[in-house]
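Coordinate analysis (summary)
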Amino acid sequence: MAELSPIQPCLWFDDQAREAMEYYVDVFPNSRILSIDEYPNESLDEHFVGMTGKVLNGQFRLNGVDFVCLDGGPDFTFSESISFVVSCKDQEEIDHYWSRLSHVPESEQCGWCKDRFGLSWQIIPANMGELMRRPEQIQVMMQQKKIVIAELENA
């Protein structure tokens with residue numbers, strides 16, 4: 001088994017953990033599912049009823065970052081209070097991740113988007129600090145949904 005990071009985000013899905021892992025490892029390079037443990041026999045505990053075949057513990061790596069996930073039911077959902085930052089080298093990389101991860105247009109602003117599972121992402125250029133030095137650049141960024149580097153450079 002691969003050595004895992006000492007701290008890992010854990011993502012709680014209703015019942016889409018396996019689908020999400022497969023999707024994310026397809027979106028990000030150098031990524032893979034490390035392991036999937038399914039719920040044990042539902043007769044062992046009342047919490048396992050109806051969970052047969054679902055993910056109790058999924059471990060996956062996205063471009064070097066380790067995650068865990070589970071199917072926990074509908075009690076908890078994602079919110080914008082937690083997001084993952086994807087630092088991109090250029091506009092082509094921003095466009096790639098944006099096209100794959102943005103599925104909720106009304107949630108798009110300033111490089112933030114929400115994927116089909118409701119998880120929030122910040123798709124930003126690696127040099128975002130340099131692109132935000134002047135008030136004009138900040139004003140342009142505040143009007144953007146997807147970050148367009150050329151617009152910030154020309155502001």
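Further up the page is the structure itself.
Residues numbered from 1 in each chain as written. Predicted model: local features only at pLDDT ≥ 70, side-chain atom pairs only at ≥ 80, totals over all residues. Heavy atoms only, no water.

1. Some thoughts on the pairing of strand S4 (residues 65-71)
Note the threshold: Burial classes follow relative accessibility: with a 1.4 Å probe on protein chains only, a residue under 20% of its type's maximum area counts as buried, one over 50% as exposed, and anything between as partly exposed. Only DSSP runs of H or I reaching four residues or more are called helices, and only runs of E reaching two or more are called strands; each is numbered from the N terminus. Think of it this way: DSSP has to see at least two bridges between two strands before they count as a pair.
Taking burial as the measure, the 7 residues of S4 include 6 buried ones, the bulk of the element. Two strands pair when backbone bridges link them, and strand S1 (residues 10-13) and S4 are joined in this way by 4 bridges, in the parallel orientation. Opposite Phe 13, over in S4, you have Asp 71 as the bridge partner. Count of turn residues in the strand S3 (residues 55-62)/S4 antiparallel hairpin: 2 residues, of which Asn 63 carries a positive phi of about 45°.

2. What to know about the pattern of salt bridges
Let me state the cut-off plainly: Whenever Lys or Arg places a side-chain nitrogen within 4 Å of a carboxyl oxygen from Asp or Glu, that contact is recorded as a salt bridge.
Scanning the entire structure with this criterion turns up 7 salt bridges. In this structure, Glu 19 engages Arg 116 in a salt bridge whose closest nitrogen and oxygen atoms are separated by 3.2 Å. On the criterion of sequence distance, the pair formed by Glu 19 in helix H1 (residues 17-27) and Arg 116 in the loop between strand S6 (112-114) and strand S7 (120-125) is long-range, its members being 97 residues apart. Its relative accessible area of 37% is what places Glu 19 among the partly exposed residues. For Arg 116, a relative accessible area of 40% translates into the label partly exposed. Two residues, Asp 95 and Lys 146, come together in a salt bridge whose shortest N-O distance is 2.9 Å. Within this pair, whereas Asp 95 is found in helix H2 (residues 91-101), its partner Lys 146 is found in the loop between helix H3 (135-143) and helix H4 (149-153), the two being separated by 51 residues in sequence. Its relative accessible area of 26% is what places Lys 146 among the partly exposed residues.

3. Concerning the nonpolar core
Condition: Joining through side-chain atoms within 4.5 Å is the link that ties buried Ala, Val, Leu, Ile, Met, Phe, Trp, Tyr and Cys residues into a set, and such a set is a nonpolar core. Whether two residues are in contact is decided by their heavy atoms: any pair within 4.5 Å suffices.
Tyr 24, Phe 60, Leu 101, Trp 121 and Ile 123 are the most contacted members of the largest nonpolar core, which totals 36 residues. Breaking this core down by element, the ones donating at least two residues are S1, H1, S3, S4, strand S5 (83-88), H2, S7 and H4. Those residues in contact with Phe 60 that sit more than four places away from it in its chain are Leu 11, Met 21, Tyr 24, Val 25, Arg 32, Ile 33, Leu 34, Val 65, Asp 66, Phe 67, Val 68 and Cys 69.

4. Quick word on the side chain of Gln 137
For clarity, the threshold we go by: Distance and chemistry together define a polar contact, namely a pair of N or O atoms within 3.5 Å, with one atom able to donate a hydrogen and the other to accept it when in protein, and with adjacent residues in sequence counting only for side-chain atoms on both sides.
Among the secondary structure elements, Gln 137 is positioned in helix H3. Note on Gln 137: relative accessible area 3%, which makes it buried. Within polar-contact distance, the side chain of Gln 137 engages the backbone oxygen of Leu 131 at 3.3 Å. Contacts of Gln 137, omitting those with residues within four sequence positions, involve Glu 130, Leu 131, Met 132, Leu 152 and Ala 155.

5. A few points about unusual backbone geometry
For Asn 63, which is not a glycine, the phi torsion comes out positive at approximately 45°. Residue class for Asn 63 comes out partly exposed when judged on its relative accessible area of 40%. Even without glycine at this site, Cys 110 takes up a positive phi of about 55°. Along the chain, Cys 110 falls in the loop between H2 and S6. By relative accessible area, Cys 110 is classed as buried at 13%.

6. Considering the side chain of Asp 115
Here is the rule we go by: When charges are counted, Lys and Arg are positive and Asp and Glu negative, with His and the chain ends excluded.
Along the chain, the position of Asp 115 falls in the loop between S6 and S7. No salt bridge is formed by the buried Asp 115. Its closest oppositely charged neighbour is Arg 116, at 7.1 Å. Separated by 2.9 Å, the side chains of Asp 115 and Trp 121 make a polar contact. Residue contacts for Asp 115: discarding those within four places in its chain leaves Tyr 24, Leu 101, His 103, Val 104 and Trp 121.

7. What about the sheet that holds S5?
The condition is simple: Axis lines are fitted to C-alpha atoms, over the contacting stretch for helices. Their N-to-C directions set the angle, which ranges from 0 to 180 degrees.
Read across the open sheet, the 3 strands follow the order S5-S7-S6; overall the sheet is mixed. Across the chains shown, the open sheet's two edge strands, defined by having one partner strand only, are S5 and S6. Across the sheet, the axes of successive neighbouring strands diverge by a mean angle of 30°, strand direction being ignored. One ladder, built from 3 bridges, connects S6 with S7; its direction is antiparallel. Following the sheet pairing, Cys 113 is matched in S7 by Trp 121. Its contacts with the sheet place H2 against S5, S6 and S7, and it is angled at close to 165° to S7.

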